[in-house]
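The chain contents come next:
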Amino acid sequence: MDGAVLDLETTDLSAVGGGFILCAVVKPLRKKPIVFRYDELHCRAAHEKRLVEELVKELEKYQLWIGHNLDRFDFSFLKSRANLLGVPFTCAPLTYDTMLAFRRIGYLTTRHYLTGKP
């Protein structure tokens, strides 16, 4: 099974109407990372169709996607942007979300900024 780590950097937490993808990194297991930047792909702000097309094309190679908050953010954001921009999204990967794994074993990545509690 081929796997890769995925991370998106976006302008907002909302994929529809509020934000777009600035950069994405796909790191195939045991290989060098592949970086997709909207400016290097000559995309305009909020019109990153070429970036999404190239990213989806790359991600279709992998059956396993790994990422931090992948299930609740990156996967949904990418799928929403693809839909909004008219990019076919046929990916149906197995996902491993490291944030959920950290919670299961009791690791905390940050504390709440107001309460100081995990």
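Each remark here, short or long, concerns the structure printed above.
Residues numbered from 1 in each chain as written. Predicted model: local features only at pLDDT ≥ 70, side-chain atom pairs only at ≥ 80, totals over all residues. Heavy atoms only, no water.

**Quick word on the sheet that holds strand β3 (residues 34-37)**
Taken in spatial order, the five strands line up as β3-β2-β1-β4-β5 in an open sheet, and their pairing is mixed. Every other strand in the sheet has two partners, leaving β3 and β5 (94-97) as the edge strands with one partner each. Ignoring which end each strand starts from, the neighbouring axes of this sheet average 20° apart. Across four bridges, the pairing between strand β4 (residues 64-67) and β5 is parallel. The residue bridging tryptophan 65 from the neighbouring strand is threonine 95, located in β5. (Pairing = 2+ DSSP bridges. Helix = DSSP H or I, 4+ residues; strand = E, 2+ residues; numbered from the N terminus. Axes fitted to C-alpha atoms, helices over the stretch in contact; angles between N-to-C directions.)

**Overview of unusual backbone geometry**
Residue arginine 30 is not a glycine yet carries a positive backbone phi of 65°. Locating arginine 30 in the fold gives a position in the loop between β2 (21-28) and β3. We note that asparagine 69 has phi near 65°; this positive angle belongs to a residue other than glycine. Its location among the elements puts asparagine 69 in the loop between β4 and α2 (70-85). Since its relative accessible area comes to 22%, asparagine 69 is described here as partly exposed. (Buried < 20%, exposed > 50% of the residue type's maximum accessible area, 1.4 Å probe, protein only.)

**Some remarks on helix α1 (residues 49-59)**
At 3.6 residues per turn, the α-helix brings residues three or four places apart onto the same side. Burial in α1 covers these residues: Leu51, Val52, Leu55, Val56, Glu58 and Leu59. Considered in projection along α1, the buried side chains sweep an arc of 160° and stay on one side of the axis. Considering only its buried residues, α1 is in contact with β1 (3-10), β2, β3, β4 and α2. (Arc of directions from axis to C-beta. Contact = heavy atoms within 4.5 Å.)

**Focus: the environment of leucine 70**
Examined against the element boundaries, leucine 70 turns out to sit in helix α2. For the pair leucine 70 and threonine 98, spaced 28 residues apart in the sequence, the C-alpha separation amounts to 7.8 Å. What leucine 70 contacts, discounting residues up to four positions off in sequence, is Leu6, Trp65, Phe75, Thr95, Tyr96 and Asp97.

**Digging into α2**
The largest bend in α2 amounts to roughly 25° and is located at serine 76. All buried positions along α2 are accounted for by Leu70, Phe73, Asp74, Phe75, Phe77, Leu78, Arg81, Ala82 and Leu85. Contacts from the buried residues of α2 go to β1, β2, α1, β4 and β5. Just downstream of α2 lies glycine 86, where phi reads positive at about 75°. (Bend = angle between axes of the 7 residues up to and from the residue.)

**Digging into the nonpolar core**
Formed by 26 residues in total, the largest nonpolar core has its most connected members in Val52, Leu55, Trp65 and Leu78. Taken together, the elements giving at least two residues each to this core come down to β1, β2, α1 and α2. Here this core takes seven residues from α2, the largest share from any one element. Ignoring sequence-local partners within four residues, the contact set of leucine 55 consists of Leu6, Leu8, Ala24, Val26, Phe36 and Leu78. (Core = buried A, V, L, I, M, F, W, Y, C linked by side-chain atoms within 4.5 Å.)

**A few points about the packing of aromatic side chains**
Counted according to the given criterion, the structure contains four aromatic pairs. Between phenylalanine 20 and tyrosine 38, the aromatic rings sit 5.5 Å apart at their centres with planes inclined by 70°, giving edge-to-face as the arrangement. Of this pair, phenylalanine 20 sits in the loop between β1 and β2 while tyrosine 38 sits in the loop between β3 and α1, and the two are 18 residues apart along the sequence. With 5.2 Å between their ring centres and 40° between their planes, phenylalanine 73 and phenylalanine 77 make a pair best called tilted. Here phenylalanine 73 and its partner phenylalanine 77 are both found in helix α2, four residues apart, which amounts to about one turn of the helix. Phenylalanine 73 sits in the buried class, given a relative accessible area of 15%. Put simply, the rings of Trp65, Phe75 and Phe89 pair up and form one aromatic cluster. (Phe/Tyr/Trp six-rings, centres within 6.5 Å; stacked < 30°, edge-to-face > 60°.)

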